[in-house]
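An overview of the molecular structure
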Amino acid sequence: MTINILTSDDFTTDMENQMVHLFRQLNPDLKLNPLAKILANKDQLSLVYCQEGDQIIGMASMATYSVLSGSKGWVEDVVVDVNARGKGIGRKLMEKLLSIAQQKQLTEVLLFTGNRRESAIRLYKKLGFEGSQSGMYRLKINREDV
């Protein structure tokens, strides 16, 4: 089992297909952006994945951005294949993202998870994340050309 950072150099159609399948376990209603498009902005997104043999069994991503209050990372799409859960893969993926955050000298790493995702919440707390009552709001922008 290895944890890797996805780059445009090692990207294949088979990897994308496996990630689409994995992503659907996280949220079957969302459409995955084409990975080639995502990888074109390599400084803005880090996508890590866990591979066992030729199978991708976990993935997580972190978008980075700078604002007046500092350089930040936003963790998204953390998912481990249902058949591989309980083996510490989620922790390894998150540790890799946090290592990248340190390398990029980010001032803060943020994430959102649903209240029902109890095992994810336990993991994030063990990694040092603190919950908040931030009252996050969301506005979906529907664009067909994205």
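In case you missed it, the structure is sitting above this.
To start, this report covers the structure provided alongside it.

A closer look at the overall build of the protein
- Broken down by element type, the protein carries four helices and five strands.
- Scanning the protein from its N terminus toward the C terminus, one meets helices and strands in the order β-α-α-β-β-β-α-β-α.
- Computed over C-alpha atoms, the radius of gyration of the protein comes to 15 Å, within 12% of the 15 Å expected from 2.2 N^0.38 for 146 residues, which places it in the range of a compact globule.
- Along the longest, intermediate and shortest principal axes, the C-alpha atoms of the protein span 40 × 35 × 30 Å.
- Put simply, the protein has 146 residues, and 33% of those count as buried.

With respect to the side chain of T113
- Along the chain, T113 turns up in the loop between β5 (108-111) and α4 (118-126).
- Take T113: its relative accessible area is 14%, and that puts it in the buried class.
- Within the local environment of T113, its side chain forms a polar contact with the side chain of R117, the two groups lying 3.3 Å apart.

Digging into the nonpolar core
- In this structure, M62, V75, I89, L93, M94, L97 and Y124 are the most contacted members of the largest nonpolar core, which totals 22 residues.
- It is helix α3 (residues 89-103) that provides the largest number of residues to this core, a total of six residues.
- With sequence-adjacent residues up to four places away left out, L93 is seen in contact with I3, V48, Y49, C50, G58, M59, A60, V79 and V80.
- Residues L6, M19, L35 and L47 belong to the second largest nonpolar core, which totals twelve residues.

A word on the packing of aromatic side chains
- One pass over the structure, following the stated rule, counts one aromatic pair.
- Geometrically, the ring pair formed by Y124 and F129 is edge-to-face, given 6.0 Å between the ring centres and 65° between the ring planes.

Quick look at the layout of surface pockets
- The volume enclosed by the second largest pocket comes to roughly 690 Å³.
- Lining of the second largest pocket is provided by 21 residues; of these, L111, F112, E130, G131 and S132 occupy positions nearest its centre.
- Each residue belonging to the lining of the second largest pocket can be placed in one class, and the counts come to eleven nonpolar, seven polar and three charged.

So, the packing of α3 against α4
- The interhelical angle for the contact between α3 and α4, taken along N-to-C directions, is 45°, at an axis separation of 11 Å. What the angle tells us is that α3 and α4 run oblique. In this structure, α3 crosses over α4, and the sense of that crossing is right-handed. Counting all contacts with α3, which are made through G90, R91 and M94, the residues of α4 involved are L123, Y124 and K126.
- Of the residues contributing to the contact of α3 with α4, the split by class is three nonpolar, one polar and two charged.

Digging into α4
- Where α4 is concerned, the buried positions are A120, L123 and Y124. Take α4 and look down its axis: the buried residues cluster within an arc of 95°, on one side only. For α4, the exposed residues lying more than 90 degrees away from the buried face are E118, S119, K125 and K126.
- For α4, the secondary structure elements touched by its buried residues are β4 (70-80), α3 and β5.

What counts and how
- Residues numbered from 1 in each chain as written.
- Predicted model: local features only at pLDDT ≥ 70, side-chain atom pairs only at ≥ 80, totals over all residues.
- Heavy atoms only, no water.
- Helix = DSSP H or I, 4+ residues; strand = E, 2+ residues; numbered from the N terminus.
- Rg over C-alpha atoms; globule rule 2.2 N^0.38 Å.
- Buried < 20%, exposed > 50% of the residue type's maximum accessible area, 1.4 Å probe, protein only.
- Polar contact = N/O pair within 3.5 Å; in protein donor to acceptor, adjacent residues only side chain to side chain.
- Core = buried A, V, L, I, M, F, W, Y, C linked by side-chain atoms within 4.5 Å.
- Contact = heavy atoms within 4.5 Å.
- Phe/Tyr/Trp six-rings, centres within 6.5 Å; stacked < 30°, edge-to-face > 60°.
- 1 Å grid on protein atoms, 1.4 Å probe; cavity = no way out; pocket = protein on both sides within 12 Å on 5 of 7 lines; lining within 4 Å.
- Points joined across faces, edges and corners; volume = space filled by probe spheres on them.
- Nonpolar A, V, L, I, M, F, W, Y, C, P; charged D, E, K, R; others polar.
- Axes fitted to C-alpha atoms, helices over the stretch in contact; angles between N-to-C directions.
- Parallel < 35°, antiparallel > 145°, perpendicular 65-115°, else oblique.
- Left-handed = near helix turned anticlockwise from the far one by under 90°.
- Arc of directions from axis to C-beta.

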